[in-house]
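One-letter residues, chain by chain:
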Amino acid sequence: MDITELLIDRTDLASAHLATRTAAVGEGQAAFAVETFALTANNVTYAAHGKDMRYWDFFPAPEGHGIVPVWGFGRCVESRVEGIAVGDRAYGYWPCANGAVLTPAKVTPRGFVDAAAHRSELSAVYNGYLRADPAMGDERIQALFRPLYITSFLLDAQLGEGGGTAVLSSASSKTALGFAHALKARGNWHVVGLTSRRHVSFVAATGCYDSVVPYDEVGSLTADSRAIFVDFAGDGALRAAVHAALKDGLAASIVVGDTHWDVAGNPHAVGPKPQFFFAPAVLADRLKDWGQAGFDARLAAGWTAFTAAAADWLRVVDRAGMAEAQDIFTALVAGRVDPAEGIIVRP
Ligand SMILES: NC(=O)c1ccc[n+]([C@@H]2O[C@H](COP(=O)([O-])OP(=O)(O)OC[C@H]3O[C@@H](n4cnc5c(N)ncnc54)[C@H](OP(=O)(O)O)[C@@H]3O)[C@@H](O)[C@H]2O)c1
């Protein structure tokens, strides 16, 4: 099949171009047309950490370039695999491209894994594909929120007990909004959103936060009660300023994201040592505590509540073609995307 991919310059994420190649479908492989995928800051984080966290290794690219992974839906167009038929559709991790050749294994009525040799050492959570299920609702909402909301949910599961003040940076991001929504629903947290000045009114209007503070007023932060800082921005100077403002009131500092990917992450911060949030470990703990059915029921309840609330502030925007994907990725790298938009590409 002919596949058009977005090749990103590994040394300059703002520089990317489209290239088309012909891919063969070998025995044990299946070709998929990538039908829809979401693009958010999370995909830029994959690119920014393409080398150190091995996100470039999922979909190999020509020397010096990387193909960023995206979440969405694909449809089988050719199959040489038992159990996968032309027309089968699956949700999972795709290249930022209009097609992909996978090596499906462990095929069940629920899904399959990509057993391509180059993916075998990579994190298993990214190698699983689930058959598309109409019962899961709007696929555009799934493509946008499924990869992000699981982290929002696990953050709430890990940090939500007790109560106090929670300060979240990049408060306009979808992952932060999901977490803020869950914390606020508990009723025992004062949830503070930190964001760029131009995003203050959007963040306030979501209703997910009790108060919103622009980054340039971070020095005004106070906490009457035990405080936690949950950092989605990854900006070291901002983190140091939050720690300095909250002083001894700061009980924990958790690093989740890196939306401000082009600034340094590690200036010295007073107070608690920042801890990296490792979602798979929390997931394993919760599965042990709640069992699969208990976990699924809680996740589904949180998902339903958050996606219903998000309908008030989210504007799903459909874009067609890989040239649009290129434009959007470049805009995301530069931080030029309106947080109210949820961008879906039909490549
Ligand atoms: N560790 C995990 O398991 C995990 C899982 C999911 C997501 N995450 C991380 O959480 C973060 C949020 O992801 P998302 O997909 O939810 O984001 P999103 O909804 O696309 O976030 C958009 C917001 O991020 C900030 N931003 C985006 N690009 C920027 C740029 N180039 N420069 C400065 N600010 C920029 C802006 O927020 P402000 O103006 O409010 O700063 C913007 O409104 C990402 O770093 C992602 O990787 C981590």
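Overview of the structure. Because the structure is a prediction, the values reported are computed rather than measured.

Surrounding the ligand, one finds 28 residues, the nearest of these being Thr40, Thr175, Thr195, Ser196 and Tyr215. The contact in question runs from an oxygen atom of the ligand to an N or O atom on the side chain of threonine 45, over 2.9 Å. In the model, an oxygen atom of the ligand is placed 2.6 Å from a nitrogen or oxygen of the serine 172 side chain. Burial of the ligand by the protein amounts to 90% of the accessible area it has alone, namely 940 Å². Residue assignment for the shell around the ligand shows that the elements contributing at least two residues are α1 (41–48), α2 (139–159), α3 (174–186) and α7 (322–333). For the shell around the ligand, the element with the most residues is α1, which contributes 3 residues. Of the residues contributing to the shell around the ligand, the split by class is 11 nonpolar, 15 polar and 2 charged. When we break the shell around the ligand down by domain, the ones giving at least three residues each are domain 1 (2–136 + 316–346) and domain 2 (145–280).

Turning our attention to the packing of α2 against α3. The contact between α2 and α3 brings their axes to 8 Å, and the two run at 40°. Viewed along their axes, α2 and α3 adopt a mutual orientation that is oblique. Of the two elements, α2 crosses α3, and the hand of that crossing is right-handed. Seen from α2, the contacting residues are Leu144, Phe145, Leu148, Tyr149, Thr151, Ser152, Leu155, Asp156 and Leu159; seen from α3, they are Lys174, Thr175, Gly178, Phe179, Ala182, Leu183 and Arg186. Looking at side-chain class alone, the contact of α2 with α3 contains 9 nonpolar, 4 polar and 3 charged residues.

Thresholds applied
- Residues take numbers from 1 onward in each chain, read along the sequence in its written order.
- Residue-level local features of this predicted model are given only where pLDDT is at least 70; pairs of side-chain atoms are given and counted only at 80 or more, and the full residue set underlies all totals for whole chains, interfaces and linings.
- Each side-chain value is worked out from all heavy atoms of the structure, with water and hydrogens disregarded.
- Residue proximity to a molecule or strand is established when one non-hydrogen atom of the residue lies within 4 Å of it.
- Whenever two N or O atoms come within 3.5 Å, that pair is a polar contact, provided that in protein one can donate a hydrogen and the other can accept it, and provided that, for residues adjacent in sequence, both atoms are side-chain atoms.
- All accessibility values rest on the Shrake-Rupley procedure with a 1.4 Å probe; residue burial counts only the protein chains present in the view.
- Numbering of helices and strands starts at the N terminus; helices are DSSP runs of H or I of at least 4 residues and strands are runs of E of at least 2.
- Residue polarity follows a fixed list, in which Ala, Val, Leu, Ile, Met, Phe, Trp, Tyr, Cys and Pro are nonpolar, Asp, Glu, Lys and Arg are charged, and the others, Gly among them, are polar.
- Either an automatic procedure or a domain database provided the assignment from which the domain bounds are taken.
- In this description, a line fitted to the C-alpha atoms serves as the axis of each element, helices being fitted only across the stretch in contact, and the angle between N-to-C directions of two axes falls anywhere from 0 to 180 degrees.
- With respect to orientation, any angle under 35 degrees is reported as roughly parallel, any angle over 145 as roughly antiparallel, any angle of 65 to 115 as roughly perpendicular, and every other angle as oblique.
- Should the near helix be turned anticlockwise from the far one by less than a right angle, the crossing is left-handed, and should it be turned clockwise, the crossing is right-handed.
- In this description, contact between two residues means that some pair of their heavy atoms is separated by no more than 4.5 Å.

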